[in-house]
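Topology and contacts: notes
Each chain, letter by letter, is given below.
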Amino acid sequence: MKLGAYLKARDLTDSAFARLLGVSPATIQRIQISGTHSRTASLALALRIEQATGGEVAADELPLSKASRRALRGIRNGSPTPASVEDAEEQGATNRGAA
């Protein structure tokens, strides 16, 4: 399920969901849109969203960097390497800085 559909189905605002996760409403808004102003979710945030939604919004349904996607695949396969997770987080920080 897409994050926007999940929030709408539960009558949750971006602000309320952002407070739950400890991020800004702008972060939630940017990961819901595509295009110039979109933002990839960090691996940690994607996993928190998945947990907060009870798995209804899967981390792999969110916009992730290639490094985060590889790290997530490793986690799903039960073999994350610390380097791949750190690389994914670092890549996500680099992408956010460019936005």
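By convention here, each chain's residues receive numbers from 1 onward along its written sequence. Since the coordinates come from a predicted model, pLDDT governs what is reported: local features require at least 70, and pairs of side-chain atoms require 80 or more to be given and counted, while whole-chain, interface and lining totals use all residues. The basis for every side-chain value is the complete set of heavy atoms in the structure, and neither hydrogens nor water enter the calculation.

1. Here we look at the nonpolar core
This is how it is decided: As used here, the term nonpolar core means buried Ala, Val, Leu, Ile, Met, Phe, Trp, Tyr and Cys residues forming a set that is joined through side-chain atoms within 4.5 Å. Burial here depends on accessible area, computed with a 1.4 Å probe over protein chains only, as a share of the maximum for the residue type. Under 20% is buried, over 50% is exposed, and the range in between is partly exposed. To qualify as a helix, a DSSP run of H or I must reach at least 4 residues; to qualify as a strand, a run of E must reach at least 2; elements of each kind are numbered from the N terminus. Here, residues are in contact when the closest pair of their heavy atoms is within 4.5 Å.
Residues Leu3, Phe17, Ile28 and Ile49 are the most contacted members of the largest nonpolar core, which totals 19 residues. Residue assignment for this core shows that the elements contributing at least two residues are helix H1 (3-9), helix H2 (14-21), helix H3 (25-32), helix H4 (43-52) and helix H5 (66-76). Among the elements that take part in this core, H4 stands out by supplying four residues, more than any other. Aside from chain neighbours lying at most four places away, what touches Ile28 is Leu3, Leu7, Asp14, Phe17, Ala18, Leu21 and Val23.

2. Quick look at the packing of H2 against H3
Going by this rule: Axes here refer to lines fitted to C-alpha atoms; in helices the fit is confined to the stretch in contact. Angles between the N-to-C directions go from 0 to 180 degrees. Here is the rule for angles: anything less than 35 degrees is roughly parallel, anything more than 145 is roughly antiparallel, 65 through 115 is roughly perpendicular, and the remaining ranges are oblique. When the near helix sits turned anticlockwise from the far one by under a right angle, the crossing is termed left-handed; a clockwise turn instead gives a right-handed crossing. Basically, the charged four are Asp, Glu, Lys and Arg, the nonpolar ten are Ala, Val, Leu, Ile, Met, Phe, Trp, Tyr, Cys and Pro, and anything else, Gly included, counts as polar.
H3 packs onto H2 with a crossing angle of 110° between their chain directions and a minimal axis gap of 8 Å. With respect to their mutual orientation, H2 and H3 come out roughly perpendicular. For H2 against H3, the interelement crossing comes out right-handed. For the pair formed by H2 and H3, the contact residues are Asp14, Ser15, Phe17, Ala18 and Leu21 on the first element and Pro25, Ile28, Gln29 and Gln32 on the second. When grouped by side-chain class, the residues that make up the contact of H2 with H3 number five nonpolar, three polar and one charged.

3. Considering the environment of Leu12
Of note, Leu12 is situated in the loop between H1 and H2. Once residues within four sequence positions are removed from consideration, Leu12 is found in contact with Tyr6, Leu7 and Phe17.

4. Topic: the pattern of salt bridges
The test is simple: What makes a salt bridge here is a side-chain nitrogen of Lys or Arg within 4 Å of a carboxyl oxygen of Asp or Glu, nothing more.
For the structure on display, the rule yields three salt bridges. The partner of Arg76 in a salt bridge is Asp60, with the nearest N and O atoms 3.8 Å apart. With Arg76 in helix H5 and Asp60 in the loop between H4 and H5, this pair connects stretches of sequence that are 16 residues apart. Residue Asp60 is classed as partly exposed on the basis of its relative accessible area, which comes to 39%.

5. Description of the environment of Thr27
One can find Thr27 in helix H3. We classify Thr27 as buried; its relative accessible area is 13%. Along the chain, Thr27 and Ser15 lie 12 residues apart, while their C-alpha atoms are 9.7 Å from each other. Thr27 has contacts with Arg39 and Leu45, leaving out every residue within four places of it along the chain.

6. Remarks on the confidence of the model for the chain
Stated precisely, the cut-off is as follows: The predictor's confidence in any single residue is recorded as pLDDT, a number from 0 to 100.
Counting all residues, the mean pLDDT for the chain is 83, and 75% of those residues have values of 70 or more. Confidence, read as mean pLDDT per element, is least for helix H6 (residues 82-98) in the chain (54) and greatest for H2 (97).

7. Quick notes on H2
Residue pairs spaced three or four apart in an α-helix point in one direction, given the helix's 3.6 residues per turn. The condition is simple: Each C-beta atom gives one direction from the helix axis, and the arc is the one those directions make.
When we look at burial in H2, the residues that qualify are Phe17, Ala18 and Leu21. One side of H2 carries all its buried residues, which in axial view fall inside an arc of 100°. Residues of H2 that are exposed and point more than 90 degrees away from the buried face comprise Arg19 and Leu20. Contacts made by the buried residues of H2 are with H1, H3 and H4. Phi turns positive one or two residues past the end of H2, at Gly22, with a value near 75°.

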